[in-house]
Amino acid sequence: PASGLRYAWLVDPPEEPDPEAADTRLRLRHVIDPCARALDSHGAYAWNVRTESKYAPASVIPDFHAMRNFNWEGVESPGLLLKDLVIYEAHVRSFTRHPDSGVEHWDSQAGTFLGLVQKIPHLMRLGVNCVELLPIFEFDETACPRVHPGTKQHLCNYWGYSTVSYCVPMQRYCARMPQKEEHRAARAVAAITDFRTMVRELHRHGIEVILDVVFNHTGEGSWGESNWFSLSAIAESHYYLLSQGYHTNYTGCGNTVNANDPTCAEWIIECLRFWALEMRVDGFRFDLASSLCRGADGQITPDPLFVRRLTNDPLMSHVKLIAEPWDCAWPDGYLVGQFPSGGWVRWAEWNGKFRDTMRRFIKGDEGMTGEFATRLCGSSDLYEESGRGPCHSINFITAHDGFTLRDLVSFHKKNNSANNEESGEDNNHSWNCGQEGPTKNAEVLELRERQMRNLLAALFLSAGTPMMLMGDEYGRSQGGNNNTWCQDELNWFSWEDCAAEEAGLMRFCRLLISLRRMHSDMFAREDFARSIEWTHETWDDPYNFVSFVLRAPRPKEPANSTLTSKLHSSAASDAGGSKVSEDGRSRLSDAGRSGIAGSSAAAGGSGCDPYKATSLLVAFNAGHEAHNCGLPAGSEWYRLMDSHLVAPLDICDSDEDSQLITGDNYVMAPYSCIVLKSWEDPADSFQYEDLVLECGQEECVTEELRRVARRSLREELSGEDAVED
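Residues numbered from 1 in each chain as written. Predicted model: local features only at pLDDT ≥ 70, side-chain atom pairs only at ≥ 80, totals over all residues. Heavy atoms only, no water.

J.: What is the right way to look at the packing of helix H8 (residues 231–239) against helix H9 (residues 262–278) in this model?
T.: Packed helices, taken two at a time, are described by the angle between their axes plus the distance between the axes. Look at H8 against H9: their axes get within 9 Å of each other, and the N-to-C directions meet at 120°. By the angle class used here, H8 and H9 are oblique. Residues Leu 231, His 238 and Tyr 239 of H8 touch H9, and the partners they reach there are Thr 263, Cys 264 and Trp 267. Each residue belonging to the contact of H8 with H9 can be placed in one class, and the counts come to four nonpolar, two polar and no charged. (Axes fitted to C-alpha atoms, helices over the stretch in contact; angles between N-to-C directions. Helix = DSSP H or I, 4+ residues; strand = E, 2+ residues; numbered from the N terminus. Parallel < 35°, antiparallel > 145°, perpendicular 65-115°, else oblique. Contact = heavy atoms within 4.5 Å. Nonpolar A, V, L, I, M, F, W, Y, C, P; charged D, E, K, R; others polar.)

J.: Help me out: how do you make sense of the confidence of the model for the protein in this one?
T.: For residues with low pLDDT, the predicted coordinates do not support detailed interpretation. Of the residues in the protein, 88% have a pLDDT of 70 or more, and the chain-wide mean is 89. Under a pLDDT of 50 for its full length, residues 557–611 has, in the predicted model, 108 contacts with residues more than four places off or in other chains. (pLDDT = per-residue confidence, 0-100.)

J.: Even after reading the chapter, I still don't get the packing of aromatic side chains, so can you show me in this structure?
T.: What describes a pair of aromatic rings is the distance from one ring centre to the other and the angle between the planes of the rings. Counted under the stated rule, the structure contains 37 aromatic pairs. Geometrically, the ring pair formed by Tyr 88 and Phe 95 is edge-to-face, given 6.1 Å between the ring centres and 70° between the ring planes. Across the pair, Phe 95 and Tyr 88 agree in class, each one buried. Judged by centre distance (5.0 Å) and plane angle (20°), the ring pair of Trp 330 and Tyr 334 falls under stacked. Cation over ring: Arg 97 sits above Trp 106, and NZ or CZ is 4.4 Å from the ring centre. (Phe/Tyr/Trp six-rings, centres within 6.5 Å; stacked < 30°, edge-to-face > 60°. Buried < 20%, exposed > 50% of the residue type's maximum accessible area, 1.4 Å probe, protein only. Lys NZ or Arg CZ within 6 Å of the ring centre and 35° of its normal.)

J.: Any chance you could explain the sheet that holds strand S14 (residues 347–350) here in plain terms?
T.: Sheet strands associate in pairs through backbone hydrogen bonding, adopting either a parallel or an antiparallel arrangement. On the basis of which strands lie adjacent, the closed barrel formed by eight strands has the order S5-S6-S9-S12-S13-S14-S15-S16 and parallel pairing. The sheet shows a mean angle of 25° between the axes of neighbouring strands, taken without regard to direction. The pairing of strand S15 (residues 393–396) with strand S16 (residues 465–469) spans three bridges and is classified as parallel. Bridged to Phe 396 within S16 is Met 467. (Pairing = 2+ DSSP bridges.)

J.: Please clarify how unusual backbone geometry should be interpreted in this entry.
T.: Negative phi characterises most residues that are not glycine, and trans characterises most peptide bonds. Between Trp 330 and the following residue, Pro 331, the backbone shows a cis peptide bond with an omega angle of 0°. Note on placement: Pro 331 falls in the loop between strand S13 (320–323) and S14. Across the junction of Ala 647 and Pro 648, the peptide omega takes the value 10°, indicating a cis bond. Within the fold, Pro 648 resides in the loop between strand S22 (637–642) and strand S23 (659–661). Phi at Glu 73 is positive, roughly 55°, even though this residue is not glycine. Along the chain, Glu 73 turns up in the loop between helix H2 (64–68) and strand S5 (87–90). Look at Cys 433: it is not a glycine, yet its phi comes out positive at around 65°. Take Cys 433: it is sitting in the loop between helix H14 (405–408) and helix H15 (442–460).

J.: Whenever I open this one, the pattern of salt bridges confuses me. Can you help?
T.: Any two side chains of opposite charge can pair if their charged atoms end up close together. In total, this model carries 48 salt bridges according to the counting rule given. Of the charged contacts in the structure, one is a salt bridge between Asp 655 and Lys 677, with a shortest N-O distance of 2.5 Å. Of this pair, Asp 655 sits in the loop between S22 and S23 while Lys 677 sits in strand S25 (residues 672–678); the two residues are 22 residues apart in sequence, bridging distant segments of the chain. A single network of salt bridges, built from pairs that share partners, joins Glu 73, Arg 176, Asp 194, Arg 200, Glu 201, Arg 204, Arg 711 and Glu 716. (Salt bridge = Lys/Arg side-chain N within 4 Å of Asp/Glu carboxyl O.)

J.: Would you take a moment to explain the nonpolar core for this structure?
T.: With 147 residues, the main nonpolar core has Leu 211, Phe 215, Phe 286, Phe 306 and Phe 620 as its most contacted residues. The element contributing the most residues to this core is H9, with 10 residues. Each residue touching Phe 215, except ones within four places of it in the same chain, is listed here: Phe 137, Tyr 166, Val 257, Trp 267, Ile 268, Cys 271, Leu 272, Phe 286 and Leu 292. Counting residues in each nonpolar core, the second largest holds 19 residues, with Leu 85, Ile 87, Phe 396 and Phe 528 among its members. (Core = buried A, V, L, I, M, F, W, Y, C linked by side-chain atoms within 4.5 Å.)

J.: So what exactly am I meant to see when it comes to the side chain of Arg 359 here?
T.: With respect to the element layout, Arg 359 can be found in helix H11 (residues 352–362). For the buried Arg 359, no salt bridge exists, and the shortest N-O distance to an oppositely charged side chain is 5.6 Å, to Asp 356. The residues touching Arg 359, leaving out its near neighbours within four places in the chain, are Ile 397, Thr 398, Phe 403, Leu 408, Asn 428, His 429 and Leu 455. (Lys, Arg positive; Asp, Glu negative; His and termini not counted.)

J.: Any chance you could explain helix H12 (residues 369–376) here in plain terms?
T.: Since the α-helix advances by 3.6 residues per turn, residues separated by three or four positions end up pointing in the same direction. Taken across its eight residues, H12 has seven buried, putting it largely inside the fold. Within H12 the residues assigned to the buried category are Thr 369, Gly 370, Phe 372, Ala 373, Thr 374, Arg 375 and Leu 376. Check the buried side of H12 and you find it contacts H11, helix H13 (380–383), H15, strand S17 (532–534), strand S18 (545–551) and strand S20 (615–621). After H12 finishes, the residue Gly 378 shows a positive phi value of roughly 105°.

J.: Looking at this model, I keep getting lost on H11. Mind explaining?
T.: Within the span of H11, buried status applies to Gly 352, Phe 354, Thr 357, Met 358, Arg 359, Phe 361 and Ile 362. Gly 364 sits one or two positions beyond H11 and adopts a positive phi of about 100°.

J.: Help me understand the pairing of strand S12 (residues 283–286) in this model?
T.: Burial of S12 is two-sided: the residues Gly 283 and Arg 285 facing one way and the residues Phe 284 and Phe 286 facing the other way are all buried. Pairing of strand S9 (residues 208–213) with S12, which is carried by four bridges, proceeds in the parallel orientation. The partner of Asp 212 across the bridge, within S12, is Arg 285. Bridge count between S12 and S13: four bridges; the pairing is parallel. From the neighbouring strand, Phe 286 faces S13, where its bridge partner is Ala 323. Viewed along the sheet, the connection from S12 through helix H10 (residues 305–311) into S13 turns out right-handed. (Right-handed = clockwise from strand over helix to strand, strands pointing away.)

Right, here's the structure in full:
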């Protein structure tokens, strides 16, 4: 009978309530339970609706019976290894809110957890196996006082990095939230049920779920307004980092959570346990994670209490942990490659150095070859010394904050005027390929398409765990806006635009991901000891050209084989990660490039392989000149990919469709990337098209997921006493 009842904490209620506060909640400082499971805020139907009464939710007692009896239908997490992930960063609302999304019951389900459920076949067909969702904890999207300078419509706190309640799914992402107040029990459990439905269906189809969580700051007091109270009213100095009684701002958002206070650390871990154990998510990406390493004095500590407690928590030993290893205080807050371990090799990091290096190399900045090779081989200079492997480098070229892939090759300068503020990064390492913004110049457009293919190739052909941005598979544009935190429609995924690229960039991206997964022994690595032979002539030329051969080891090699000995000896490496020769010197160091990662033979080495294993030759010509790529003798080389060619010649559907290359050299066009393959065993001939969804299966999966999305709340519960819809 208590389900659906509103409640609040009263912490030292004022003897004389504020007489000017019209709302009783504000007069008496009603405090939101920091561990509440539901609030009385509205569902998806009320997105960014402004009323005279400002957002000031109360906690709600959930239907605990319904929470215990969600029907998981026997579905478990895919349990993938970190090294095998292909991550897709997405925003729940953006993914299906566009009118062209084709979501059933668009008015109620577009832009919601159930809307995302209906589009799972797209993720499967693309080949990604993990979604990293921008914040889905309850936040106030109306907490943005700005208006669009053109339309004069209210902008919104779109991304959601201002959390209100840390154990409540965002209720404006809930499609099955009853609007009528009398259905209070159903309202209290609707968002949790919708979220669990999404997780279950993603897991059912082999896709893991990582949540972008914001424990570096809270939304309390945003924009100088106090419409609601929580941690600050309970124990401000325990939950927030203060300096002389004032909030610190290491986050750029007005406050900083005191994560290493024992009380605060335990609260954060309790919140994470809820999502990991009761909501069954697979991992967390910690926003501005360096702030979680700051002590009471604001300084970075080498062994933060919170990080150690979380890393060693026995209930979350299965959970993937990813740090965004910086905050807004430089330089001490920049911890790429240095994020504290907490005593175990668990933490992966967003590798900002990978992003910057790949962008600069592909656009042709001179002298980037050595750094490019280091990042391409897993960034051993950052992760090997701490015992981590390439998989702990979350490789990305674009993310939600910054240019999209298309804008990265179309704009030299940001275009954020629609935000009605000065914001966004100025140093983007972008190149407009000759003209700024939209153009009809055919040569510029062709070069932009080629550069997008090159950037995707650099991402998926690198050792490490790749992450791509939602919409990059078809070249989504934000008009040059690189900080769309307050924009709604500008963030939407266009399904018509995606369909238009089905035979173009979408196909290229899908087959490239498949190529990576089919050759996972070359790219999905937990260690730096892989067989790589650099085949370009020199490291000293400032022109950006690099070529190399990757060789796949046979699955059952004799313990005393020559190849096994080579791999074992190459595991011993200098600080840069390059191969150590018998005389103890790094071969690549001898060439003046000691920072190049990966076990390797010297450029131009023999690369002897007695087993004739499958090999891939990869080359990048990141400059304005045509360039010869030498083909190693003794093998037949077949072209799988050439980013200079027009679809469908740019990448093959299968090895059988590849073209034999004759001669000693392959002439590469300016700004291009190639992948050639050599193999002898027919078993090593792969099909890259439709790895996950077989022909005709997509329609069946789509219809089944639509049936799931049509279910009522009652149908998702396995108990007899289900809630009333």
